[in-house]
Amino acid sequence: ATTEIYTFSLHDALPISPVGFSVAVEPCKAWYVPVVSPDTACLPEDTLREAMRPLFDNPDMLIVGQNLKFDYHILENWGIAVRAKPWDTMIAAWLLDPEFPSLKLEQLGSQFLGYSGIPYDAVVQKGKVFSDIPIAQAVSYAAEDADMALRLWSVLEPLLEKEGLCSVFSELEMPLLPVLAAMERRGILIHRKELEEFGVELDAWCGNLQREAYKLAGHEFNINSPKQLQVVLFEERKLSPGKKTKTGYSTDISVLEELAALDPLPEIILRYRTLQKLKNTYVDTLPDQTDADGRLHTHYAQSGTATGRLSSRDPNLQNIPVREEEGNRIRSAFTASPGSLLVSADYSQIELVVLAHLSEDPALCEAFRSGKDVHARTASLLFHKSEDSITPQERRAAKTINFGVIYGMSAFRLARDLKISRTEAGKFIEEYFKTYSGISRFIETCLGEARRDGFVRTLSGRRRIIRSINGRNGTERQAAERIAVNTPIQGTAADIVKKAMLSVAEMLDRDWPEARLLLQVHDELIVEVPEAQAPALAAALKARMEGAWKLMVPLRADVSTGRTWGDMQ
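Residues numbered from 1 in each chain as written. Predicted model: local features only at pLDDT ≥ 70, side-chain atom pairs only at ≥ 80, totals over all residues. Heavy atoms only, no water.

**Q** An account of the packing of helix α16 (residues 392-406) against helix α18 (residues 422-435) is needed here, citing residue identities and associated values.
**A** In the contact formed by α16 and α18, the axes pass within 11 Å of each other and the chain directions differ by 75°. When the axes of α16 and α18 are compared, the pair comes out roughly perpendicular. Between α16 and α18, the residues in contact are I401, N402 and V405 and F428, Y432 and F433, respectively. Of the residues belonging to the contact of α16 with α18, the class tally is 5 nonpolar, 1 polar and no charged. (Axes fitted to C-alpha atoms, helices over the stretch in contact; angles between N-to-C directions. Helix = DSSP H or I, 4+ residues; strand = E, 2+ residues; numbered from the N terminus. Parallel < 35°, antiparallel > 145°, perpendicular 65-115°, else oblique. Contact = heavy atoms within 4.5 Å. Nonpolar A, V, L, I, M, F, W, Y, C, P; charged D, E, K, R; others polar.)

Structure (C-alpha cells):
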C-alpha cells in the first residue's frame, strides 16, 4: 500500500453523505463508484462504506486529492475517520507559488497538465445537483477529476523537490490538514443572548453618533451615502479632498483618517462605520451561523495568504478587533461548554522575536533575552534616556517604529500615526537603524537575495516569489521590496504558529483526551478543557508553545483561562 496512490474526489456531496467516489490508481485510468444515481443501481451504502474504510483507515496509505479537507468532512459525516496520509494538490500548487491566480482543479490542470477538463457547469445544469446526472456523464466528469489529481501529483511532487519545498509540505502543511479539519468540526459554543444584548447597545451608540454628526453638519444627511458625505466634508466644511473616484472624491477609511486630524466630523464617521461593520459582520450574523447545538464552525484556509498565515472565513474571526472594547464584547459571546473552561495561549510579539533571530541584532536580542519591555528598551535607546523615565508617548513611538520596520513603514506613515512632522519621523527612523544596525543589515540582505534569486524564504523553507523586485516601475518595486523584507518575518511567524498547533494537537491526543483544540486566531490558540484540568493544561500549553521552535531568543506565550474568550483578554 505504501507504493500505491489512491485518489478520491467527492462530488456535489450532500450535507451528510457523498454522492459518489472517483478513484484513480494509475494515470489515464479512473473509476466512478456512485452512491446515488438516477439511472443505475448502486451498491448499498453500508457495503460501499465498509469497502472504502480500510483505505482511509490505513496510516501507510497516501491519499491524493484536491482540497482534501473538504473530503475529510464528508467522510466523517459518512462515518469514516481518515488516518491515511494526505497529499493535497491545491496546497502543493500554492506552496510553489502562493500568489497563483487560481487554485481550482481546472486551472491547475491547465497550468501543469495542458488541459482543464470538463467544466462542472457543462455537466450539472442550473437548478440540478450531481446526484441528478445520468451515470454516463457522471463517470466522465468524476473519473477525469480523479485522474487529473493523480497526474498533478506526479508533476507537482518533483517540482516541490526541485524548489526545496518538500519539508514544509510534508512536515508542516500536510500534518496540519487533519488538525484543522478536526477544529472546524468541533466549533465553539456561541452565547446568543450576549450578542443580542450587545446589538441593542450598538444601535443606541450608532444613533448617538448620527445625532452628533448631524449637529456638527448643521443638518441631517444620509451618513451611509458616500455622495452626501462628499458634499458635507468637501463642499460645506471645505476639507481638502484626496483620492478621486468615478463618483467624486473618496471617503474611504484612509481618507477619513487623514481628515480626522483636521475636523471632528470624519472621526465620528469612522467610529460609526466601525460599529456598523461589527454589528453587520458579527453581532447580527454569528447566531445564524451556528449549528443545532449552538456551536460556530469557522473554515480555515491554508492557502489563503501569500505569507503562510492561516485565514478564516464564514465567519472571518481574524478581523474581530483585538484591543477595542467592542471586539472584546464580541469575543465574550464565544464560551466554553458547561463544565469546561477555555485556555488561551498567545505568542507575545512573535514577529519582533523572529526579527531579532533573523537579524541577530545584539541590542534587540538582549532585550528579549533579559525579558525587558522591548518597546521601552527601544525608546530608551532612541531618546537616550533610562527606561524608568520613558513616557507613555515615547514608548508608543518606539512600539510604532518596532512594528513599522517589519512592514517597511515610511516617514510619512510614521508621522501620520504619531501625529508628528515628517522631518521628526525621518529622524526617528534614522536613529532606529543606527541603534539596531543588525536590522539594517538584515534588510539589505533580504533585498539582495530577492534581487538575485527572485524569491525569499522563511526558516522552514517556505518560498515567496517577489515579482517586480527588479522592475522599472518605482511604486511596484518599492512594494516588492517591502514584501521581500516582511515575508521572511511574517512567514516564519506563521510557520512557528503552525508548528505549535501540531505540537499541541499531538500533546492533547496523547495526554489530554478530554481537551479539544478549538480556535487559532493570529498568534493565539484556544483549547476547551474540563474545568478541573484547566490549571495543569495551561502550564502544559505554555511549555508546548514556547518550545515549538528553537530560536536565538526565547519564544514567550501568555496563557490565560476563562469561561469565555472575552474573559482572557
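**Q** Go over the sheet that holds strand β6 (residues 188-190), please, and point to the residues and values.
**A** The strand order across the open sheet formed by 3 strands is β9-β6-β12, and the pairing between neighbours is antiparallel. Strands at the two margins of the open sheet, each flanked by one partner only, are β9 (295-296) and β12 (334-335). Summarising the sheet, β6 and β9 pair through 2 bridges and their orientation is antiparallel. Bridging from a neighbouring strand, L189 pairs with R295 of β9. (Pairing = 2+ DSSP bridges.)

**Q** I'd like to hear about helix α11 (residues 264-283), residue by residue, with values.
**A** Each α-helix turn comprises 3.6 residues. Residues three or four places apart therefore point the same way. With 20 residues, α11 should reach 28 Å at 1.5 Å per residue; the first-to-last C-alpha distance of 27 Å fits that figure. Considered for burial, the residues of α11 that qualify are L265, P266, I268, I269, L270, Y272, L275, Q276, L278, K279, Y282 and V283. One side-chain oxygen of the residue at the start of α11 lies 2.8 Å from the amide nitrogen of L265, identifying that residue as D263. (Expected span 1.5 Å × (residues − 1). Buried < 20%, exposed > 50% of the residue type's maximum accessible area, 1.4 Å probe, protein only. Polar contact = N/O pair within 3.5 Å; in protein donor to acceptor, adjacent residues only side chain to side chain.)

**Q** Now, about the sheet that holds strand β18 (residues 557-562): what can you tell me, with residues and values included?
**A** In spatial order, the strands read β16-β17-β13-β18; together these 4 strands make up an open sheet with antiparallel pairing. The sheet terminates laterally at β16 (516-521) and β18, the two strands that pair on one side only. Averaged over all pairs of adjacent strands, the angle between strand axes in this sheet comes to 20°, irrespective of strand direction. Two elements, strand β13 (residues 340-347) and β18, share 6 bridges in a ladder whose sense is antiparallel. Bridge assignment links L342 to a residue of β18, and that residue is G562. Relative to the sheet, helix α20 (residues 474-511) contacts β13, β16 and β17 (524-530), its axis offset from that of β16 by approximately 170°.

**Q** Outline the packing of aromatic side chains, supporting the account with residue identities and numerical values.
**A** Applying the stated criterion across every chain, the model contains 13 aromatic pairs. Summarising the aromatic geometry, the rings of F21 and W78 are spaced 5.2 Å apart at their centres and angled 50° between planes, so their arrangement reads as tilted. A residue pair is termed long-range when its members are at least 10 positions apart, and F21 in strand β2 (residues 20-26) and W78 in the loop between α2 (68-77) and β5 (85-88) qualify at 57 residues. Here F21 matches W78 in class, with each residue buried. An aromatic cluster is defined as three or more aromatic residues linked by ring pairs; in this entry it consists of Y32, Y120, F130 and Y141. Over the ring of W565 we find R331, and its NZ or CZ is 5.8 Å from the ring centre. (Phe/Tyr/Trp six-rings, centres within 6.5 Å; stacked < 30°, edge-to-face > 60°. Lys NZ or Arg CZ within 6 Å of the ring centre and 35° of its normal.)

**Q** Residue-level account of the pairing of strand β3 (residues 29-34), with values.
**A** Note: β2 against β3, 5 bridges, orientation antiparallel. Each bridged residue has a counterpart across the sheet, and for S22 the counterpart in β3 is Y32. The turn joining β2 and β3, which pair antiparallel and follow one another in sequence, is formed by 2 residues; a positive phi near 65° is taken by C28.

**Q** A description of the pattern of salt bridges should follow, citing residues and the corresponding values.
**A** Side chains that differ in charge, positive against negative, can pair when their charged atoms come close. Per the counting criterion, the structure on display carries 35 salt bridges. Residues R462 and D495 are paired through a salt bridge, measuring 2.8 Å at the closest nitrogen-oxygen approach. In this pair, R462 sits in the loop between β14 (455-457) and β15 (463-465) while D495 sits in helix α20, placing the two residues 33 residues apart along the sequence. Taking the relative accessible area as the measure of exposure, R462 reaches 4% and is therefore buried. (Salt bridge = Lys/Arg side-chain N within 4 Å of Asp/Glu carboxyl O.)

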